[in-house]
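Spelled out from the first residue to the last, the chains are:
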Amino acid sequence: MPKQISIIGVPMDFGQLLRGVDMGPAALRYTGLISRLRDLGHVVVDRGDVRIPIRDADGQTPLSQDKYLDEITQICNAIYTVGQEAIGQGHFPLFLGGDHSIAVGTVAAASGKDPIGLVWIDAHGDFNTPETSPSGNIHGMPLAALIGEGHPSLVNVGRPGRKVDPENVVLIGQRDLDPVEKKRLKKSGFTIFTMRDIDEQGISSIANKTVMKFAHLKRIHLTVDMDALDPLEAPGVGTPVPGGISYREAHLLMEILADSGKVASMDLVEVNPILDVANKTAELAVELTLSALGKSIL
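Figured I'd write up the structure that's included with this text.

Rules and cut-offs
Residues numbered from 1 in each chain as written. Predicted model: local features only at pLDDT ≥ 70, side-chain atom pairs only at ≥ 80, totals over all residues. Heavy atoms only, no water. Helix = DSSP H or I, 4+ residues; strand = E, 2+ residues; numbered from the N terminus. Buried < 20%, exposed > 50% of the residue type's maximum accessible area, 1.4 Å probe, protein only. 1 Å grid on protein atoms, 1.4 Å probe; cavity = no way out; pocket = protein on both sides within 12 Å on 5 of 7 lines; lining within 4 Å. Points joined across faces, edges and corners; volume = space filled by probe spheres on them. Nonpolar A, V, L, I, M, F, W, Y, C, P; charged D, E, K, R; others polar. Core = buried A, V, L, I, M, F, W, Y, C linked by side-chain atoms within 4.5 Å. Contact = heavy atoms within 4.5 Å.

### Comments concerning unusual backbone geometry
Right, so step 1: At the junction of glycine 97 and glycine 98, the peptide bond is cis and its omega measures out at 15° in the coordinates.
Right, so step 2: Tracing the backbone through its elements, the reader meets glycine 98 in the loop between β3 (92-97) and α4 (103-110).
Right, so step 3: Even without being glycine, glutamate 270 reaches a positive phi, approximately 70°.
Right, so step 4: With a relative accessible area of 3%, glutamate 270 lands in the buried category.
Right, so step 5: Positive phi outside glycine occurs at asparagine 279, with the angle close to 65°.
Right, so step 6: Along the chain, asparagine 279 turns up in the loop between β8 (263-269) and α11 (280-292).
Right, so step 7: Look at asparagine 279 and you get partly exposed, because its relative accessible area is 25%.

See the structure below:
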């Protein structure tokens, strides 16, 4: 079914140390995302990019010394505002990152009066807090903030408190977790399908279990970190981990989620053109987005 899609770019790289992921939105647009979505019959409006402060400009220092916490909070509140505006107009917001810390704003915008399902596709858990994170990088903390844990300024982006209930969160593709993060995840109440689960059960079974888990909900927010894919498929990411989701598994997962008719918002993160090979990762990211928005073989 054709959708009204609002493209919202978030060229942010404050959540981690490597530079270049801020070029992700431009790479995705360059790869023909908008025209290819229109070819599927969708009506697409490009709302441009959320305004991002200059990182490490001459003579400037971060607003906070806490791994750019203030900058990320400011940006995520801006994401929330433009995302809510798009949803208020009946549009499907498609957020283009940027590092995964943008999800603090995107999920906050997607959640509202009614509970949503959250599908978190990622090699990592992103469930650290400032106390458990080995690096302190905020792109490893957004999921914790979304359930109300971690930096108060991130927890309260958009509106105070928790944005999604733990029982309505499904993680898929994890294979690189920090020691304390593992313990936190086991107690979280999330449904978690690691790469071992994918190997044992198959991606079709996991995708269908995910859809069934959200049978009682009207809307799903889908967040796709491209490092969930195997680096052979998606080399242009900042934190590649061998043994990830294959090309075909990723497409099948997107197709089954699309078939549910419940995916109402989406973000696509961690495409780093500087680390990419012949734009391979951006191309795959666009292809997966098309599958999530209705492209099928027949």
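We are not done yet, so read on.
### Focus: the layout of surface pockets
Right, so step 1: Taken as a whole, the largest pocket encloses approximately 330 Å³ of empty space.
Right, so step 2: His124, His139, Gly140, Asp178 and Thr239 are, among the 21 residues lining the largest pocket, the residues nearest its centre.
Right, so step 3: For the lining of the largest pocket, the per-class residue count stands at four nonpolar, ten polar and seven charged.

### A short note on the nonpolar core
Right, so step 1: Ranked by internal contacts, the top residues of the largest apolar core, which has 49 residues, are Leu94, Ile121, Ile172, Leu222 and Met226.
Right, so step 2: Looking at this core element by element, the count peaks at seven residues for α11.
Right, so step 3: Filtering out sequence-adjacent residues up to four positions away, leucine 94 remains in contact with Ile5, Ser6, Ile7, Ile8, Leu33, Leu37, Met266, Thr289 and Leu293.
Right, so step 4: One finds Ile52, Ile72, Phe95 and Ile102 within the second-largest nonpolar core, a separate group that totals 25 residues.

### Notes on the environment of alanine 103
Right, so step 1: With respect to the helices and strands, alanine 103 occurs in helix α4.
Right, so step 2: Separated by 63 residues in sequence, alanine 103 and leucine 40 have C-alpha atoms that sit 26 Å apart.
Right, so step 3: Leave out the neighbours within four places in its chain, and alanine 103 touches Ala108, Trp120, Pro142, Leu146 and Asp267.

### Observations concerning α4
Right, so step 1: For α4, the tally of buried residues reaches eight of eight residues, placing the bulk of the element in the interior.
Right, so step 2: For α4, every residue scored as buried is listed here: Ala103, Val104, Gly105, Thr106, Val107, Ala108, Ala109 and Ala110.

This is a description of form; function is not addressed.
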